[in-house]
Amino acid sequence: MNTEKIGAFIAQCRKLKNMTQQQLADELGITNKAVSKWETGQGMPDVSMLPAIAELLDITVDELLKGEKIIKTEVYGNIASEKSGSFEIAQYLVNKSIIKFKIFSTWSIIFAIVGVIIPYFIWNETKDYTGLLFGLWLEVCSMGAFYVGYIITGNEINSYNKMAKEKINRMSICNNHLKICAMLWSIIPIILFVSIICNILSLSFMFKAILIILAYAFVNIIIFKYLFKSK
């Protein structure tokens with residue numbers, strides 16, 4: 001009995017029902033840690049709980065123990081074959097998670113752009129680091145939005161890759177969005193860091209601007225060379 005396959009199937013069916021691990025645990029009168037152990041293949045449900053789990057997930061006990069959806073088709077009035085629907089479920093979930101990632105990454109880019117633009121207007125009013133600190137906070141929000149989408153997509157891709165012959169590379173999906181975000185995320189920290197150093201050393205505005213441009217170019221060369229290098 002493949003506990004990992006059964007666990008992945010339970011997770012897929014639960015997500016299709018739009019249930020959290022906690023909700024499934026509450027329905028069964030157990031802890032969410034128990035559900036988590038099932039889904040990661042570290043344990044199996046008690047035999048007495050199988051019918052209740054199957055009913056909640058709209059599957060049969062046989063499907064639960066097999067770890068895949070069994071679809072029966074009839075040809076000329078007779079049952080001709082049985083085929084697995086688990087791959088179709090995984091494919092549906094991974095496509096759905098990729099859409100979610102694109103939404104999160106779009107918000108991430110929006111936060112990053114706003115985090116670059118707003119400090120300029122605040123600087124014109126205050127002439128201090130308030131705008132840069134606010135921009136830095138927005139960049140952190142941008143990173144958070146991207147990371148959430150990245151994790152959600154990664155979990156579904158890992159489940160999908162366990163069944164699919166042609167594996168999906170998560171980075172190939174994320175890289176285009178990450179490149180844009182990386183270029184935006186680096187602007188405010190570099191401006192803030194160089195500005196503080198130049199103020200301490202009492203350097204001119206022109207020298208500060210040149211240092212910021214050089215630092216930005218250097219940082220992005222390093223990022224693109226090591227983060228996005230071909231493997």
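Further up the page is the structure itself.
In what follows, the accompanying structure is described. Not measured: the values here are computed from a predicted model. (Residues numbered from 1 in each chain as written. Predicted model: local features only at pLDDT ≥ 70, side-chain atom pairs only at ≥ 80, totals over all residues. Heavy atoms only, no water.)

## Considerations on the packing of aromatic side chains
Enumeration over the complete set of coordinates arrives at 6 aromatic pairs. Pairing Trp107 with Phe111 gives two aromatic rings, centres 6.3 Å apart and planes at 40°, and the pair type is tilted. Placement of the pair is Trp107 and Phe111 together in helix α6 (residues 86–126), with a separation of 4 residues, close to one helical turn. Aromatic side chains Tyr120 and Phe121 sit 5.4 Å apart centroid to centroid with 80° between the ring planes, which places their arrangement in the edge-to-face category. Three or more aromatic residues link up through ring pairs in this structure, and these residues are Phe101, Phe146, Tyr150 and Trp185. (Phe/Tyr/Trp six-rings, centres within 6.5 Å; stacked < 30°, edge-to-face > 60°. Helix = DSSP H or I, 4+ residues; strand = E, 2+ residues; numbered from the N terminus.)

## Side note on helix α4 (residues 50–57)
Taken together, the buried positions of α4 are Leu50, Ile53, Ala54 and Leu57. For α4, the angular spread of buried residues about the axis comes to 100°, placing them on one side. Buried residues along α4 sit against α1 (3–16), α2 (21–28), α3 (32–39) and α5 (61–66). One or two steps after α4, the chain reaches Asp58, where phi turns positive at roughly 60°. (Buried < 20%, exposed > 50% of the residue type's maximum accessible area, 1.4 Å probe, protein only. Arc of directions from axis to C-beta. Contact = heavy atoms within 4.5 Å.)

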